Structure formats: structure tokens, C-alpha cells
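# Structural features, examined
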Amino acid sequence: MPANTEIAKPVPSSGEQVTAAYPIVLRFKGMAPDLMHRFALHDGRSGGDLSHVDLAATRENRVLHGRPDWHKEVKQRIDDLRHANHREEIRAQLAKHRIKAAKEILLEGPSDPWRASKEGPMREGVLTVHKSFFGGVGRLAWDAEKVEAFKQRALEFLKEHFPGEQLLYVVAHEDEEAYHLHFVVAVWHEKHSANRGRQMVLQPSANPLLANYEHAQDLAGMAFTDLGICRGERRAEARREARRKQEVVPPPRCHVPPSQWRSEQIVKGKATANRMLGDARAAAGAVTAGARPDAEKMLRKCRKRAIKDARRRNAAALKAERATERQMAEMQDALVEKQSEVLVRQAQIDRLVKKQDEVNTKALAVIAEKKTEFDSLRTRLREMKQEVVELSTQAEAEQTQVTELRARVQTEGARVDAAKARYQALALGLRLFESRQIGWDSLRPDEPRQLVWVQDGRKPTPLPKVVDDNLAPAKSLLELIIELICQILEALFAPRELAVVQDVEIIQQARVELGLEPDMTIEDVLVRRAGEARPTL
């Protein structure tokens with residue numbers, strides 16, 4: 001929460017006395033399943049705006065409900081239900097004998113299990129109260145008892161109003177100015193229709209709190225009353241009342257993210273600083289204008305004093321210059337004597353240098369000869385090294401090609417083995433289905449149909465582990481094929497079964513009309529007719 005956010009005053013209903021000073025903050029925001037990673041990055045403090053976060057206190061954040069990898073489980077469930085809904089829609093079309101429509105749906109493939117919307121099919125939320133309720137800014141200023149009481153009540157509130165699997169994840173953040181809870185909810189709703197069958201979809205409006213945010217604020221206000229926390233202002237109700245009375249409608253309050261609030265504060269601070277700087281410059285100009293006559297008078301006095309001091313320094317400098325000239329003349333005489341001595345020494349050094357040059361010339365000739373031999377040897381060594389490098393590079397290239405070929409052979413072998421395993425599993429499943437050892441049926445009346453073991457015409461039982469393991473590589477494809485075969489057969493033989501049932505009903509009605517008993521056979525009827533045909537004595 002921004003540091004300068006004002007505490008909203010609760011609005012009591014008629015005749016109600018206000019006893020709480022801190023309004024509850026319950027805010028929801030839409031979330032798309034493909035953007036769940038953004039919530040995870042913010043929760044882990046590994047991305048986004050972190051300028052308002054005390055990273056030293058991040059380790060105090062606690063997960064209160066759910067698992068840290070909740071978003072992976074949600075993605076997996078969405079993928080599973082996407083395929084389950086697709087199969088159910090195909091089954092519903094086949095049940096209505098719409099073979100062409102079922103094929104088109106099969107070719108289109110699975111679709112997302114939610115209705116497209118601007119906000120997305122999921123919701124993330126924040127549950128908190130102003131930082132002054134806890135005791136101040138930052139966890140060091142908070143009252144531990146108030147924090148614990150708020151955490152327990154908030155967790156009870158979320159679990160009560162988002163029951164079952166709706167509440168995916170709840171985390172408590174203690175590294176910002178106010179203690180708050182972030183949570184994520186996903187409301188799965190089951191729909192039934194003749195065209196699509198049983199469909200599981202993400203539908204936030206199936207939960208009363210997400211269908212009506214004002215109702216959510218009312219429930220939150222009632223849940224925290226005994227902690228000194230109340231419902232906030234009824235702004236939506238006030239806007240409706242203003243429209244009803246044809247008055248000026250107050251604008252709706254919008255949530256301002258901390259990063260945007262800080263940017264606005266920086267702009268305001270810069271404007272204030274520029275204004276203060278302009279005022280300071282104006283004040284400095286006024287002070288300068290008042291002090292200018294005194295400064296000019298002081299400047300004239302300083303100039304006179306500087307001229308007197310400069311004259312005294314010039315007289316002293318002239319005296320020092322004359323003494324320096326005398327010293328320079330004495331040093332010049334001594335330098336002439338030293339130059340004579342240096343000339344004598346230089347002649348001696350020249351003779352020694354000449355002898356040394358002769359020795360150096362001979363030594364250079366020997367060194368040049370040896371250097372020529374060394375250069376030829378070094379050139380040959382460089383050529384040999386180059387040959388070794390080329391051979392080594394060629395060997396490495398050949399080794400890389402061999403390694404790539406081996407990897408490619410292994411990859412292709414693995415693909416062939418996997419395809420072979422899927423083919424063998426599919427062929428085995430079709431043979432077992434053809435020989436009526438496995439079937440497509442339900443183990444219980446309230447369960448969906450699946451692959452079952454029906455050998456020897458017995459009651460359907462789960463597949464034996466050996467058979468299930470052998471069918472595992474192609475089980476999903478086998479289930480789809482067998483389900484389609486059964487549905488097509490049911491669609492083809494349904495008229496014949498109906499005709500047989502009608503024939504049976506006609507026969508039963510004829511038996512009743514003829515006065516035959518239900519368990520009488522044709523032989524019993526013939527015997528009765530023969531007895532009736534005998535003449536009487």
C-alpha cells in the first residue's frame with residue numbers, strides 16, 4: 001500500500017453507530033491461465049517492481065495455503081479437462097447420431113474450458129487493512145498479536161467462501177509497509193447439455209463473492225468486526241443514489257499500483273523542489289542587491305591595501321634578485337673548472353669506447369650467424385606445430401561427426417522403439433477387443449465407461465496389471481478408438497434393437513389375448529391344442 005494512502009471512513013447505515021476505525025481492503029483482479037507465471041515471479045520477488053520491497057525481510061513471507069508449484073497443477077488440470085470435455089462432446093454428438101458433427105469436432109481438437117473474457121477465467125486477490133492498524137510502517141513496528149489475529153481470521157474467511165478446490169494459493173507478505181495476503185482462486189463449474197454432455201468449465205460468477213463484489217465487501221466487513229475492522233465506504237451505492245436523485249455522480253475509485261503512486265510522488269517532489277529552488281534564487285537576488293554598496297566600498301579598501309603590499313613585495317624581490325645574480329656568477333666560474341675536468345675524462349672514455357666497439361662488432365657478427373640458424377629452426381618448429389594443429393582439428397571434426405551420427409542413431413532407435421511399442425500395444429488391444437476379452441463398459445452405474453476385463457462373459461472387472469502395462473503405450477488412443485467403435489455400433493444397431501423390442505411386445509400381447517400362461521412353450525401349446533381336438537365320449 002502507498003505510504004500516504006488515507007484511511008477510508010466507514011459509512012454506517014441509518015441508525016447504526018460506527019465503532020471501527022479501519023476499513024477492510026478486499027480487492028480482486030482477473031487472471032488468465034497463461035499469465036500465472038507473473039504472479040509466481042512477484043511472489044518470489046524475482047521480477048517486476050521491487051522498489052517498495054524490503055528484500056531483507058522477504059524470508060519472513062509465509063505460504064498459508066496451497067503449494068508453491070500450484071500454477072503447474074492448474075495447467076495440468078486445465079489440459080486434462082480440455083481433453084475430457086472434448087471426448088464428452090464427441091460422445092454427446094454420437095449419442096444423437098450426429099456422426100458428421102462428431103468427426104468435425106474430433107478434427108477441430110480440444111478447446112479451452114472457459115468462455116473468453118477481458119479479465120480472464122481466474123481471479124487473484126489481496127486482503128489487508130491500513131498499516132496503522134498493525135502499528136506502523138514495516139514489520140518492526142507491527143503488533144505481533146494483531147498480525148496473528150488478522151492472519152487467522154483472513155485465512156478462515158477465504159477457506160469459508162472459497163470452499164473445496166476453489167482456493168488455490170494463499171501467501172502472507174511481510175516485506176512491505178503493511179501486512180497483507182495474496183491469494184488465487186479458480187471456480188470450476190459443471191454444465192450439462194444434450195449437445196455437449198457434461199462439461200467442466202472455469203466460471204468465476206459461480207461463486208457469489210466473485211459474482212457481486214459489493215456482496216463480498218459486506219461479508220468481509222462482517223467477518224472482521226470484532227477485530228476493530230469494518231466495511232469501507234459504500235461508494236457504488238452512493239453513485240447509484242446520486243443517479244437516482246439526478247445529482248453529480250462521484251467518480252469511481254480506482255486502485256493505484258505502488259509503482260504508479262511512487263512515480264506520481266517523484267513528479268510532485270520534483271515540482272516542489274523546482275518551486276523551492278526558484279524561491280531561494282529570488283531571495284538570494286534580493287540579499288545580493290542590498291549588500292552591493294557595502295561590497296563595493298570594501299572592494300576599494302582591499303584594492304588600496306593590495307597595492308601597498310605589492311610595492312613592499314617588489315622591493316624585497318629586487319633585493320633578492322641581486323643576491324641571486326652574485327651567486328650565479330660564482331657558480332659560473334666553478335662550472336668552467338668542472339667542464340675542463342669533464343673534457344679530460346671524456347677523452348679517456350672515448351678511447352675505452354672505441355675498444356669496446358671493436359669487441360662488440362665481432363660479437364654481433366657471431367650473434368647474427370647464430371640467430372640465422374635459430375630463425376631457421378624456429379620456422380621449422382612453427383611449421384611442425386601448424387601441421388599438428390591441423391591434424392588435431394581434423395581429428396576433432398571427425399570425432400564430432402562420429403558423435404553426432406551415434407546420437408542420431410540412438411535418437412532414431414528410440415523413436416522406432418517407441419513407435420513399435422505403441423503399435424504392438426494398439427494391435428494387442430484391438431485383438432483383445434475383437435476376441436471380447438476386453439470391453440468398453442462401466443464398473444459401477446455412476447461411473448463413466450472405460451476399458452474393462454470381460455473374459456468368459458463375466459461381470460466387468462478392472463484390467464489385470466499385466467494387460468494394463470502392455471496396453472499403456474497406446475492406451476489413450478486405444479480408448480478413443482474403442483469408444484468411437486462402440487458408439488458407432490450402438491448408433492447402427494439401435495433401430496434393430498428397437499424393432500426386436502417391438503416384436504417382443506407384440507408377442508407378449510398376443511399371448512395375453514390367447515390366454516396363454518407366461519411360461520408356456522410352443523410344445524405346451526401344441527399339446528393343449530391336441531387335447532382340445534379329441535372327440536368326447
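Here's a quick rundown of the structure. The structure presented is a predicted model; accordingly, all values stated were derived computationally and were not measured.

The five strands are arranged β2-β4-β6-β5-β3 in an open sheet whose pairing can be described as antiparallel. Edge positions in the open sheet fall to β2 (25-31) and β3 (62-65), since each of these has one partner strand only. Geometrically, the sheet is characterised by an average inter-axis angle of 20° between neighbouring strands, direction not taken into account. Relative to strand β4 (residues 122-128), β2 runs antiparallel, the two being bridged by seven bridges. Within the sheet, the bridge partner assigned to arginine 27 lies in β4 and is valine 126. On top of the sheet, helix α1 (residues 36-43) reaches β2, β4, β5 (167-173) and β6 (180-185); it is set at about 25° to β5, its chief contact. Sheet strands in contact with helix α7 (residues 213-223) are β2 and β4, and its direction is about 145° off that of β2.

In this structure the tally under the stated criterion is 23 salt bridges. Of the charged contacts, one joins glutamate 156 and arginine 153 as a salt bridge, the two residues approaching to 3.9 Å between their closest N and O atoms. Taken as a pair, glutamate 156 and arginine 153 lie in helix α5 (residues 144-161) at a separation of three residues, close to a single helical turn. Residue glutamate 156 is classed as partly exposed on the basis of its relative accessible area, which comes to 47%.

This next bit is on the side chain of arginine 231. Structurally, arginine 231 can be placed in the loop between β9 (229-230) and α8 (235-244). A distance of 2.4 Å separates the side chain of arginine 231 from the side chain of aspartate 218, its partner in a polar contact.

Analysis parameters
Residues numbered from 1 in each chain as written. Predicted model: local features only at pLDDT ≥ 70, side-chain atom pairs only at ≥ 80, totals over all residues. Heavy atoms only, no water. Pairing = 2+ DSSP bridges. Helix = DSSP H or I, 4+ residues; strand = E, 2+ residues; numbered from the N terminus. Axes fitted to C-alpha atoms, helices over the stretch in contact; angles between N-to-C directions. Contact = heavy atoms within 4.5 Å. Salt bridge = Lys/Arg side-chain N within 4 Å of Asp/Glu carboxyl O. Buried < 20%, exposed > 50% of the residue type's maximum accessible area, 1.4 Å probe, protein only. Polar contact = N/O pair within 3.5 Å; in protein donor to acceptor, adjacent residues only side chain to side chain.

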